[in-house]
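Close look at the chain arrangement
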Amino acid sequence: MEATMYEDLSKWRRRRRKKRIIWACVIAVLVIALILLYVYRNRIIPWLEYGRAELSETAGDTQDAIDRFSVLGNYKDATARATKLAHGMQPDDSFTDALRAAGIGDVVTFGHYEQDDRADNGKEPIRWIVFAKENGRVLLWSESVLDEQPYHNMREDITWEKCTLRAWLNGPFYEAAFSETERALIAKTKLLNPNNTASYTSGGKDTPDKVFILSFAELVDLAWRNHYIDDIYATPSRYAVKQGVDMHSGYGTCCWWIRTPGAYQACATYCDMAGSPIYSALANSAGYGVRPAIWILAGE
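Now for a look at the structure at hand. (Residues numbered from 1 in each chain as written. Predicted model: local features only at pLDDT ≥ 70, side-chain atom pairs only at ≥ 80, totals over all residues. Heavy atoms only, no water.)

Attention shifts here to the nonpolar core. Among the nonpolar cores identified, the biggest contains 74 residues, and Leu140, Tyr151, Leu165, Phe173 and Phe178 are the most heavily contacted of them. Once residues within four sequence positions are removed from consideration, Phe178 is found in contact with Phe110, Gly111, Trp128, Phe173, Arg183, Ile186, Val211 and Ile294. (Core = buried A, V, L, I, M, F, W, Y, C linked by side-chain atoms within 4.5 Å. Buried < 20%, exposed > 50% of the residue type's maximum accessible area, 1.4 Å probe, protein only. Contact = heavy atoms within 4.5 Å.)

The contact between helix α2 (residues 62-71) and helix α3 (residues 78-88) brings their axes to 8 Å, and the two run at 155°. In terms of axis orientation, α2 runs roughly antiparallel to α3. Crossing hand, α2 versus α3: left-handed. Contacts between α2 and α3 pair Thr62, Ala65, Ile66, Phe69 and Ser70 from the former with Ala78, Thr79, Arg81, Ala82, Leu85 and Ala86 from the latter. Within the contact of α2 with α3, the residues separate by chemical class into seven nonpolar, three polar and one charged. (Axes fitted to C-alpha atoms, helices over the stretch in contact; angles between N-to-C directions. Helix = DSSP H or I, 4+ residues; strand = E, 2+ residues; numbered from the N terminus. Parallel < 35°, antiparallel > 145°, perpendicular 65-115°, else oblique. Left-handed = near helix turned anticlockwise from the far one by under 90°. Nonpolar A, V, L, I, M, F, W, Y, C, P; charged D, E, K, R; others polar.)

Along the polypeptide, Asp147 turns up in strand β4 (residues 147-148). The buried charged residue Asp147 lacks any salt bridge, with Lys123 as its nearest oppositely charged partner at 11 Å. A distance of 2.6 Å separates the side chain of Asp147 from the side chain of Tyr113, its partner in a polar contact. Once residues within four sequence positions are removed from consideration, Asp147 is found in contact with Tyr113, Trp168, Tyr239, Ala240, Gln243, Val245, Tyr288, Gly289 and Val290. (Lys, Arg positive; Asp, Glu negative; His and termini not counted. Salt bridge = Lys/Arg side-chain N within 4 Å of Asp/Glu carboxyl O. Polar contact = N/O pair within 3.5 Å; in protein donor to acceptor, adjacent residues only side chain to side chain.)

Now for the packing of aromatic side chains. Across all of its chains, the model carries 17 aromatic pairs by this definition. Aromatic pair Tyr174 and Phe178: ring centres 6.2 Å apart, planes at 55°, arrangement tilted. With a relative accessible area of 2%, Phe178 lands in the buried category. Members of the aromatic cluster, connected to one another through ring pairs, are Phe95, Phe110, Tyr113, Trp128, Trp168, Phe173, Tyr174, Phe178 and Tyr239. Sitting above the plane of the Tyr174 ring, Arg183 keeps its charged end 5.7 Å from the centroid. (Phe/Tyr/Trp six-rings, centres within 6.5 Å; stacked < 30°, edge-to-face > 60°. Lys NZ or Arg CZ within 6 Å of the ring centre and 35° of its normal.)

A side chain of one charge can pair with a side chain of the opposite charge when the charged atoms of the two come close. Enumeration according to the criterion identifies 14 salt bridges in this entry. A salt bridge links Arg118 to Asp120; the nearest nitrogen and oxygen atoms lie 3.0 Å apart. With relative accessibility at 43%, the residue Arg118 sits in the partly exposed group. Asp120 sits in the exposed class, given a relative accessible area of 61%. Connected through shared salt-bridge partners, Glu49, Arg52, Asp64 and Arg68 make up one network.

Here we take up the pairing of strand β2 (residues 124-134). Remember that side chains alternate between the two faces of the sheet whenever the strand is regular. Of the strand pairs in this sheet, strand β1 (residues 107-113) and β2 are connected by five bridges, and their pairing is antiparallel. Within β2, the position partnered with Val107 by the bridge is Ile129. Across six bridges, β2 lies against strand β3 (residues 137-142) in antiparallel orientation. Along β3, the bridge assignment pairs Glu134 with Arg137. Here β2 folds back onto β3 in antiparallel fashion, the turn holding two residues, of which Asn135 has a positive phi close to 50°. (Pairing = 2+ DSSP bridges.)

This part takes up the side chain of Ser70. Within the secondary structure, Ser70 sits in helix α2. Discounting residues that sit within four places of it in the chain, Ser70 has contacts with Ala82, Ala187, Lys188 and Leu297.

Unusually for a residue other than glycine, Asn135 sits at a positive phi of about 50°. By secondary structure assignment, the location of Asn135 is in the loop between β2 and β3. With a phi angle near 65°, Tyr200 is a residue other than glycine that sits in the positive phi range. Summarising the element assignment, Tyr200 is placed in the loop between β5 (189-191) and β6 (207-209). Relative accessible area serves as the criterion here: at 73%, Tyr200 is assigned to the exposed category.

Another point: the state of the cysteines. One pass over the full model with this rule turns up zero disulfides. There is no disulfide at Cys255, and the cysteine sulfur nearest it, in Cys254, is 6.9 Å away. The thiol sulfur of Cys271 is not disulfide-bonded, and the nearest other cysteine sulfur, from Cys255, lies at 7.6 Å. By relative accessible area, Cys271 is classed as buried at 0%. (Disulfide = S-S within 2.5 Å.)

Purely geometric numbers; function is a separate question.
As structure tokens, this is what we get:
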């Protein structure tokens, strides 16, 4: 009896030791995998993209080189090289000089877009609020709502990566609002698209964009905590109203989309007519406006 109990105890100890070894191996493999993934994402991919940017510069594809350098952000001297190339395409540095001198909350003009709903007199200059400055780049946010667009053109689960508003901003709007030299100054930026922590809806993948709309987190960080910017409500242009933006008859303001997902995956958040960015609507809803944002390669 005692021998049998001893044998059973020995087997149990061997099994426990074996399980511990297996779990230790599994944990070690996971740790190594995470380290490799981190190195791949934060070291190897940027190194490869930096090399591709240099190849584009050598081949004379300046715009592609600017885009590849600028999306790398703080990696090596990527932003400085993108800025140098972009400024080399400008007729003069008057705009970037003025932008570097502007303070947070100041208004500058850049690009042109139809706003008075009169095609006979051409497009009007776009007015932008200087919203942030960092590492030689300046974040500009449109002062008014420039157009009407749904967040997405279908009623289905959606994230910023796949929505039609993102495609419109980086396609038709980008082409219509900026000249070739102006486009060179607009940095392609990797946007973080966090989940909506209140509703547990997914923000989707991070995206490289030239033109975008602000997220809820960006509004909190850059507007509510910035004493230079008193309010975030906005008025629509005449053209935007003609395109279908619902304007408050008394205040003259309207609702505009925010990049963060809404209460359900088929919804997106928006700022209401009083300037409260806390609401959610179906992504294919009509009547909501668009306030674009762009990062400009201004230099130090």
